[in-house]
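Spelled out from the first residue to the last, the chains are:
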Amino acid sequence: MSLLIKNISYLDIEQEKIIDRADVFIEENKIKKIGRDLEVQADEVFDGKDKLLTPGFVNAHTHLGMSYFRNYADDLALMDWLENEIWPIEAKLNAEDIYWSSLLSIIENIRSGVTSFCDMYYEMDRVGDAAIKAGIRGVLTRGMTDVDGKGEEKLKEFDDLYKNYQNKANGRIRVVPAPHAIYTCSTDFLKEISKRSLERYDSLIHIHLSETLTEVENSKKEYGMTPIEYVNSLGLLDSQIIAAHCVHITDEEIELVKDKKFFPVYNPSSNLKLASGFTPVDKLLKNNITMALGTDGDSSNNNQDFVEEMHIGGIVNKAVTMNEKAVPAIEILKMATVNGARALGFENLGLIKEGYLADLTIFDLDSNSFTPRNNLISALVYSANSSDVEAVICDGDFIMKNREIVKLDEKKVRQVVNERWEDIKRR
Ligand SMILES: [Zn+2]
C-alpha cells in the first residue's frame, strides 16, 4: 500500500515552522519521502490543498474504559470521588463493558487527531482488541494495586497480557506495567514491579505521581519522603517513567529526575476539574525535562478531546505564572507529538520526517477557526477545534477519512454504550 499526499502544508516540529506546498509519500507504514512535486507512483493520491498535516497526536495518559462515568460524579475531591463514587461502580464493570467504552473513547481520540494512546485500566486485553479493531496505536498499561490483597493475581495477569499482546498488530500494541499510585500499592509491590520491569519487560513503567497535596503529605508522613523521592528509593526510576500528573513536583524532585528517563504527563483538564493544582510546566521545561500531554479519563476530564486539551494546556500556565511567554504553542505541540512518543518509548514516531512511522493528522484549513490564516502553529493550539480534523492516518492506513471513522460503526458503539450503562447501574 502506498499513499501520496500532494501539495499540503505540514508542521515541521524540529524546525518549529510550517512548510508549504509539500508532497509526502507514504509506503507501507512509513514516511518514505518528503519533497516538492515528487515524481512517484502511488496506489492512492490525497489532495492536500487547503489542508494542514501534523504528526498524529499522542495521548500519553488516559483511562479509555471510563467513558460510562462521564458526568456521573462531578465536583468532588479526588479521594472522595474515587473511594465513594468511582471505585464502587467500577467494580461492576466486566470485560465486555470495558471493550465497548474503550471503543467510544478511541473514537473521541481519533476525532481529535490522536493516533497513539497510553491507557491505564484493567481487562487490558479487551482494550487491546478495541485498539486493534479501530486501527490506532496503543500502549496497554494494566493499572495494578495490591491494597485489596490481590497483587499476585494481577502480576500473573500482567504476565499473560505481556505474552499475548506485546508488539501485536504490526507492533502497534505495546504492553507496560502500571502500579496505579503510591497510595494504592504497598512498598513491596512497587519494588516487585520495579524489579520485573527491568528483568522481564522493557524497563518502562506508567504511574500516577504527585497528583494531589494529600498524596504528598501522606507520603512525607508515612515514608519521610516526597512521592518521587519515595519511588526512586524503591528503584522505580531505574526504568523509564511515564509519570501522570506531577502537579506537586518539588524543586528537589526536579533535580532528582533531571538526568533520568522521567517523563511527566501534563493533564490540565483533569487537574483543573479535580482542583488538584497546576503542574509547573514552565519550570519543568526550563529544566529540560521532556513532557507529554494527556486527557486523563472521561470521569475527570470529562471528554477525550485532545485538541481541547492542547488549548487548555497552552493557556493555563500563562495565567498561573502570570507570564504570557510561558509555555509557547510550539512547546504544547512538541508535548502532543514527538515528546509524547518518546515518553511512551517509541523512537521513530511523532515527527513528519523520512523514515518515521506514518501516523498523521490532517486538519481542514477551510474552516472558521483557521480563517484568516495567520500563524498556523498558534492556530493549532489557540483556535482549532477537533471538528477541524478531517482525516487521521495510523501506521500508513486511514482510520478516519472525510470525517468518518473508517473501521468502526460509530453510531452502534454509542448505542451499545448507552445500553450497557443502563444495565451496569442495575447490577
Ligand atoms: Zn489517571
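As a reminder, the structure under discussion sits directly above these lines.
Here the structure is a predicted model, which means the values were calculated and not measured.

So, how was this worked out
- Residues numbered from 1 in each chain as written.
- Predicted model: local features only at pLDDT ≥ 70, side-chain atom pairs only at ≥ 80, totals over all residues.
- Heavy atoms only, no water.
- 1 Å grid on protein atoms, 1.4 Å probe; cavity = no way out; pocket = protein on both sides within 12 Å on 5 of 7 lines; lining within 4 Å.
- Points joined across faces, edges and corners; volume = space filled by probe spheres on them.
- Helix = DSSP H or I, 4+ residues; strand = E, 2+ residues; numbered from the N terminus.
- Nonpolar A, V, L, I, M, F, W, Y, C, P; charged D, E, K, R; others polar.
- Expected span 1.5 Å × (residues − 1).
- Buried < 20%, exposed > 50% of the residue type's maximum accessible area, 1.4 Å probe, protein only.
- Arc of directions from axis to C-beta.
- Contact = heavy atoms within 4.5 Å.
- Salt bridge = Lys/Arg side-chain N within 4 Å of Asp/Glu carboxyl O.

Student: Provide a residue-level description of the layout of surface pockets, including the pertinent values.
Tutor: Of the pockets and cavities examined, the largest pocket occupies roughly 750 Å³. Along the wall of the largest pocket there are 32 residues; nearest its centre are W87, E90, Y122, T145 and H180. Counting residues per element, the lining of the largest pocket draws most heavily on helix α1 (residues 78–90), which supplies five residues. Here the residues of the lining of the largest pocket sort into 13 nonpolar, ten polar and nine charged.

Student: Got a sec to walk through helix α16 (residues 410–426)? Specific residues and values, please.
Tutor: With 17 residues, α16 extends 25 Å between its outermost C-alpha atoms, agreeing within 8% with the 24 Å of an ideal straight helix rising 1.5 Å per residue. Among the residues making up α16, those that are buried are E410, V413, V416, V417, W421 and I424. Looking straight down α16, one finds that the buried residues subtend no more than 140 degrees of arc, so they occupy a single side. Relative to its buried face, α16 has exposed residues pointing more than 90 degrees away, namely K411, N418 and R426. On its buried face, α16 is in contact with α1, α2 (95–111) and β17 (404–405).

Student: Go over the pattern of salt bridges with me, naming the residues and quoting the values.
Tutor: Taken as a whole, this structure holds 35 salt bridges when the rule is applied. Linking D23 and K6 is a salt bridge whose minimum nitrogen-to-oxygen distance equals 3.1 Å. Residue D23 is found in strand β2 (residues 17–27), and its partner K6 is found in strand β1 (residues 2–12); the two are separated by 17 residues along the sequence. Note on D23: relative accessible area 2%, which makes it buried.

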